[in-house]
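# Overview (structure and organization)
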Amino acid sequence: MKKRNKQKHLVIQHLENISWEVLAQYPDVIKEMIKSKAGVYALYRKQKLYYVGLAANLMGRLMIHLKDRHKGVWDRFSVYLTFHNEHMKELESLMLRISKPPGNKVSGTFISSQSLRSTMHKKIKAENDNKLAQLLGGQFADRLQKMKLKQKKSGSGNLARLFEKRRVIKATHRGKNYLATIRLDGKIGYKGKVYDSVTAVAKVVTGRKSINGWVFWKIKNDKNFWVKMSEWRR
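A few points on the structure.

Cut-off values and rules
- Residues numbered from 1 in each chain as written.
- Predicted model: local features only at pLDDT ≥ 70, side-chain atom pairs only at ≥ 80, totals over all residues.
- Heavy atoms only, no water.
- Helix = DSSP H or I, 4+ residues; strand = E, 2+ residues; numbered from the N terminus.
- Buried < 20%, exposed > 50% of the residue type's maximum accessible area, 1.4 Å probe, protein only.
- Contact = heavy atoms within 4.5 Å.
- Areas by Shrake-Rupley, 256 points an atom, 1.4 Å probe, with all protein chains shown as cover.
- Core = buried A, V, L, I, M, F, W, Y, C linked by side-chain atoms within 4.5 Å.
- Phe/Tyr/Trp six-rings, centres within 6.5 Å; stacked < 30°, edge-to-face > 60°.
- Pairing = 2+ DSSP bridges.
- Axes fitted to C-alpha atoms, helices over the stretch in contact; angles between N-to-C directions.
- Parallel < 35°, antiparallel > 145°, perpendicular 65-115°, else oblique.
- Nonpolar A, V, L, I, M, F, W, Y, C, P; charged D, E, K, R; others polar.
- Arc of directions from axis to C-beta.
- Polar contact = N/O pair within 3.5 Å; in protein donor to acceptor, adjacent residues only side chain to side chain.

### Quick notes on the overall build of the protein
- Each helix and strand counted, the protein has 9 helices and 10 strands in total.
- By residue count, 35% of the 234 residues in the protein fall in the buried class.
- The long-range fraction of contacts in the protein, counting pairs at least 24 apart against all pairs at least 6 apart in sequence, stands at 49%.
- Of the roughly 16200 Å² of accessible surface on the protein, a fraction of 52% belongs to carbon and sulfur atoms.

Structure, rendered in structure tokens:
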């Protein structure tokens, strides 16, 4: 047996592309179907969208538009009856922002939506910087990595997406050399295990409870010299 879909649908009934003359000649027919019912409506002029609105009483609102400033401007209408009014205002705003009808004086506004334009701008800039770093390399790539590092907060993820490929780091402790790998996700690989930071790996190597991994580990700079990571990120 198929399970019944209990999801509440937004639009439960609709009338589309109806002449305004139906309202004048057969008002009782339209009234019986949409009187006191809420929803979104659209007015058209010569097959082009002219006005968008919402109303708790669609019939009453349409009759008003036969007499107000829109009188004689629109010739057809559509109505979309809704099950509930929870998102009606934002639905109207969405339609206004997409279609920009000439009959509406105001544009749609959202209650709490965040614009992603600035985020997109930052991501595109970062992508372009990465492409330049791959093409130019050398000091440009090194400066870019340092800039990214300064912008990141300290913690487990401060090396994430900093490099285009894995980077080897090394350290010397009690006369013995140690090698580890900075992965693309910013975590550190050492002897088959993964650690959240360079400091965490430094603690494993030295057995100390307190140590600065940025001073303990070294990395090659743009001149191919091994330098302390604390100096490299300046």
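From this point, things continue past the structure.
### Focus on the nonpolar core
- Residues Ile169, Ile188, Val198, Trp217 and Met229 are the most contacted members of the largest nonpolar core, which totals 21 residues.
- Listed by contribution, the elements that provide at least two residues to this core are strand E5 (167–173), strand E6 (176–182), strand E7 (188–190), helix H7 (198–206), helix H8 (213–216) and helix H9 (229–232).
- Of the residues forming this core, the biggest block, 4 residues, is contributed by H7.
- Leaving out residues up to four positions away in the same chain, valine 198 has contacts with Leu159, Ile169, Ile188, Gly213, Trp214, Trp217 and Met229.
- Leu23, Ile34, Ala55 and Leu58 belong to the second-largest nonpolar core, a separate cluster that totals 18 residues.

### A look at the packing of aromatic side chains
- Inspection of the entire model under this criterion finds 4 aromatic pairs.
- Centre to centre, the rings of tryptophan 74 and phenylalanine 77 are 6.3 Å apart; their planes meet at 90°, and the pair counts as edge-to-face.
- For phenylalanine 77, a relative accessible area of 0% corresponds to the buried category.
- A ring pair is formed by phenylalanine 216 and tryptophan 217, whose centres lie 5.2 Å apart and whose planes are at 90°; its orientation type is edge-to-face.
- On the basis of relative accessible area, phenylalanine 216 is assigned to the buried category, the value being 13%.
- Grouping aromatic residues by their ring pairs yields a cluster made of Tyr41, Tyr50 and Tyr51.

### Focus on the pairing of E5
- The side-chain alternation of E5 yields one buried face, formed by Arg167, Ile169, Ala171 and His173, and one unburied face, formed by Val168, Lys170 and Thr172.
- Looking at chain direction, E5 and E6 are connected through 7 bridges and run antiparallel. Within E6, the position partnered with lysine 170 by the bridge is leucine 179.

### Points about the packing of helix H2 (residues 27–34) against helix H3 (residues 58–65)
- Relative orientation of the contacting elements H2 and H3 amounts to 140°, with a least axis distance of 8 Å. Accordingly, the angle class assigned to the pair H2 and H3 is oblique. Two secondary-structure elements touch here, H2 through Pro27, Ile30, Lys31 and Ile34 and H3 through Leu58, Met59 and Leu62.
- Looking at the contact of H2 with H3, its residues break down into 6 nonpolar, no polar and 1 charged.

### So, H3
- Taken residue by residue, H3 has Leu58, Met59, Leu62 and His65 as its buried positions. Looking down the long axis of H3, one finds its buried residues gathered within 125° of arc, a one-sided arrangement.
- Each element contacted by the buried residues of H3 is listed here: helix H1 (21–25), H2, strand E2 (39–45), strand E3 (48–55) and strand E4 (76–82).
- Sitting at the head of H3, asparagine 57 places a side-chain oxygen 3.3 Å from the backbone nitrogen of methionine 59.

### A few points about unusual backbone geometry
- Phi at glutamine 47 takes a positive value of approximately 70°, unusual for a residue other than glycine.
- Here glutamine 47 shows up in the loop between E2 and E3.
- You will see that lysine 191, though not glycine, has its phi angle at about 50°, which is positive.
- Secondary-structure assignment places lysine 191 in the loop between E7 and strand E8 (193–195).
- Assessed through its relative accessible area of 67%, lysine 191 is described here as exposed.

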